Amino acid sequence: MTEASQVAARQTPLMLIVEDSNEDFETIDRFIKCSRFFVPIHRCVNGDQALAFLYRTGKYTNPETAPRPGMILLDLNLPGTDGREVLRRIKQDGNLKTIPVVVFTTSNNPKDIEDCYKYGVNSYIVKPINFAQLKLDVQMLVDYWFDLTTLPNYPKNSS
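Residues numbered from 1 in each chain as written. Predicted model: local features only at pLDDT ≥ 70, side-chain atom pairs only at ≥ 80, totals over all residues. Heavy atoms only, no water.

Student: Any chance you could explain the layout of surface pockets here in plain terms?
Tutor: Vacant regions in the atomic arrangement are exposed by a probe of water-molecule size rolled over the atoms. One number sums up the size of the second largest pocket: a volume of about 170 Å³. Around the second largest pocket sit Glu23, Asp24, Thr27, Ile28, Phe104, Thr106, Lys127, Pro128, Ile129, Asn130, Phe131 and Leu134, which together line it. Counting only elements with at least two residues in the lining of the second largest pocket, the list comes to helix H2 (22-33) and helix H6 (131-148). Looking at the lining of the second largest pocket element by element, the count peaks at four residues for H2. Counted by class, the lining of the second largest pocket contains six nonpolar, three polar and three charged residues. (1 Å grid on protein atoms, 1.4 Å probe; cavity = no way out; pocket = protein on both sides within 12 Å on 5 of 7 lines; lining within 4 Å. Points joined across faces, edges and corners; volume = space filled by probe spheres on them. Helix = DSSP H or I, 4+ residues; strand = E, 2+ residues; numbered from the N terminus. Nonpolar A, V, L, I, M, F, W, Y, C, P; charged D, E, K, R; others polar.)

Now the structure itself:
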């Protein structure tokens, strides 16, 4: 890794992935690792763990090991506290509401979609069944949120 790419890697914000399915997470993780730039990832497997990470409670009290994410990729159907409640709590918290949240779920239920946008989701993506489309969707997601967009608290490097 060159010095310039190491600097860029250090300044790329963390993506928090809240996904209970090992298969889905491993697929998403593999596609992100194939991205043209490094995106650090932390995974939470349920809503309670995600909230502990975001509020730095339990095993996540150290800001070095639980940094503020630059964006959150959130599944809706989670064990315990579900993704809808996690989204609602994030977007109602003055310290967290500016973190972009992308719902990435199998649910194409119009009520879920409408409710998530009412809560303040930044984007809602229905997970495609087709492997090639999933790869394309993940790449577009990473390119948009970590290359094209300037995230709050993470100014883009000038090229």
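Student: How should the side chain of Thr27 be read in this particular structure?
Tutor: Along the chain, Thr27 turns up in helix H2. Accessibility expressed as a relative area gives 11% for Thr27, which makes it buried. Those residues in contact with Thr27 that lie beyond four places of it in its chain are Phe131 and Leu134. (Buried < 20%, exposed > 50% of the residue type's maximum accessible area, 1.4 Å probe, protein only. Contact = heavy atoms within 4.5 Å.)

Student: Explanation requested: the sheet that holds strand S5 (residues 123-126) in the structure shown.
Tutor: Backbone-to-backbone hydrogen bonds pair the strands of a sheet. The strands run either parallel or antiparallel. One open sheet holds the five strands; their spatial order is S2-S1-S3-S4-S5, and the pairing between them is parallel. The open sheet terminates on both sides in strands that have one partner only, identified here as strand S2 (41-44) and S5. If you compare each strand with its neighbour and ignore which way they point, the axes differ by 20° on average. H2 rests against strand S1 (15-18), S2, strand S3 (71-74) and strand S4 (101-105) of the sheet, and its axis sits at about 175° to S2. Sheet strands in contact with helix H5 (residues 110-119) are S4 and S5, and its direction is about 155° off that of S5. (Pairing = 2+ DSSP bridges. Axes fitted to C-alpha atoms, helices over the stretch in contact; angles between N-to-C directions.)

Student: In this structure, what is going on with the packing of helix H3 (residues 47-55) against helix H4 (residues 83-92)? I would like to understand it.
Tutor: A pair of packed helices can be characterised by two numbers: the angle between their axes and the separation between those axes. Relative orientation of the contacting elements H3 and H4 amounts to 20°, with a least axis distance of 9 Å. With respect to H4, the axis of H3 lies roughly parallel. Pair H3 / H4 crosses with right-handed handedness. Note on element contacts: H4 touches H3 through Val86, Arg89 and Ile90, opposite Gly47, Leu51, Leu54 and Tyr55. When the residues that make up the contact of H3 with H4 are grouped by side-chain class, the tally is five nonpolar, one polar and one charged. (Parallel < 35°, antiparallel > 145°, perpendicular 65-115°, else oblique. Left-handed = near helix turned anticlockwise from the far one by under 90°.)

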